[in-house]
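If you want the building blocks of each chain, they are given just below.
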Amino acid sequence: MLVRAVEVFVANEQSDEEIDLERIRMLAEEVLLRQEAPEPTEVSVICVDEASMRSLSQRFLGIDEATDVLAFPIDGEVEEETVETAPGGRVLWPEDGPVLLGDVVICPAVTRRYAEENQKSFQSEIDLVVVHGLLHLLGYDHATKDEEAVMNELQNALLDNFYSKLEEASSESGAGT
């Protein structure tokens, strides 16, 4: 069996919402493995309060409001988009590792509001923003309709795969009881 070297650090720096940190870690690992992230790879997923997210949004986007997710790439350089590369271009990774992919910062309070507005569960919305942020770190974008369509399709496929694995694991653990 091939073992991949993916390290996911998860931190909860907010107290507004209860967060399943282990689930976030498992989802992030699954996304990075499915997307064939370079080996070894390190990434952080950090949950913050609205004031912290608003500050980050102001500083890096020039927008004076909190958002649900921000992605901050560290290593890698995005090659210009071509017919042969993914929408948004392809990330060129450094040759000697580990690759420090970057940080995904999530604001659970904003994510809860979006979940309610979209009539989705809070957990499914958290799962979505984790995948969304990771895809940004991997070089995907949604600046055009075509890029958005590719990114949405990929998000859905990754989430469907993760949910299938969770169901499978739940069925197996329940089989012996």
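The structure this text deals with has already been given above.
Parameters at a glance
- Residues numbered from 1 in each chain as written.
- Predicted model: local features only at pLDDT ≥ 70, side-chain atom pairs only at ≥ 80, totals over all residues.
- Heavy atoms only, no water.
- Helix = DSSP H or I, 4+ residues; strand = E, 2+ residues; numbered from the N terminus.
- Buried < 20%, exposed > 50% of the residue type's maximum accessible area, 1.4 Å probe, protein only.
- Contact = heavy atoms within 4.5 Å.
- Areas by Shrake-Rupley, 256 points an atom, 1.4 Å probe, with all protein chains shown as cover.
- Axes fitted to C-alpha atoms, helices over the stretch in contact; angles between N-to-C directions.
- Parallel < 35°, antiparallel > 145°, perpendicular 65-115°, else oblique.
- Left-handed = near helix turned anticlockwise from the far one by under 90°.
- Nonpolar A, V, L, I, M, F, W, Y, C, P; charged D, E, K, R; others polar.
- Pairing = 2+ DSSP bridges.
- Polar contact = N/O pair within 3.5 Å; in protein donor to acceptor, adjacent residues only side chain to side chain.

Chemist: If you had to explain the overall build of the chain to someone new, which residues and values would you point to?
Modeler: The helix and strand inventory of the chain stands at five helices and six strands. If you list the helices and strands of the chain from N to C, you get β-α-β-α-β-β-β-β-α-α-α. Per-residue burial over the chain gives 38% buried out of 177 residues. Within the chain, residue pairs in contact and separated by at least 24 positions form 68% of the contacts whose partners lie at least 6 positions apart. Summing over all exposed atoms, the chain offers an accessible surface of approximately 10,200 Å²; the carbon and sulfur share of this is 46%.

Chemist: Would you mind going over unusual backbone geometry in detail, with residue names and values included?
Modeler: The phi torsion at Glu 36 lies on the positive side, around 55°, for a residue other than glycine. Topologically, Glu 36 is positioned in the loop between α1 (21-34) and β2 (41-48). A relative accessible area of 64% means that Glu 36 is categorised as exposed. The phi dihedral of Gln 119 falls on the positive side, at around 55°, and the residue is not glycine.

Chemist: I'd like a rundown of the packing of α1 against helix α4 (residues 122-137), residues and numbers included.
Modeler: The geometry of α1 relative to α4 is characterised by a closest axis approach of 10 Å and an angle of 40° between their N-to-C directions. Put simply, α1 runs oblique to α4. Considering the relative orientation of α1 and α4, their crossing is right-handed. Contacts between α1 and α4 involve Arg 23, Ile 24, Leu 27, Ala 28, Val 31 and Leu 32 from the first element and Gln 123, Ile 126, Asp 127, Val 130, Val 131 and Leu 134 from the second. Class assignment for the residues of the contact of α1 with α4 results in nine nonpolar, one polar and two charged.

Chemist: Describe the sheet that holds strand β6 (residues 99-106), naming the residues involved and giving the relevant values.
Modeler: One open sheet accounts for four strands, arranged β1-β2-β6-β3; its pairing is mixed. Only two strands of the sheet have a single neighbouring strand rather than two, namely β1 (6-13) and β3 (69-73). Across the sheet, the axes of successive neighbouring strands diverge by a mean angle of 15°, strand direction being ignored. Pairing of β1 with β2, which is carried by eight bridges, proceeds in the parallel orientation. Within the sheet, the bridge partner assigned to Val 8 lies in β2 and is Val 43.

Chemist: Run through the side chain of His 132, naming residues and quoting values.
Modeler: When you line up the elements, His 132 lands in helix α4. His 132 gets classed as buried once you look at its relative accessible area, which sits at 17%. Looking at His 132, its side chain comes within polar contact range of the side chain of His 136, at 3.1 Å. Excluding residues that lie within four positions of it along the chain, His 132 makes contacts with Val 69, His 142, Met 151 and Gln 155.

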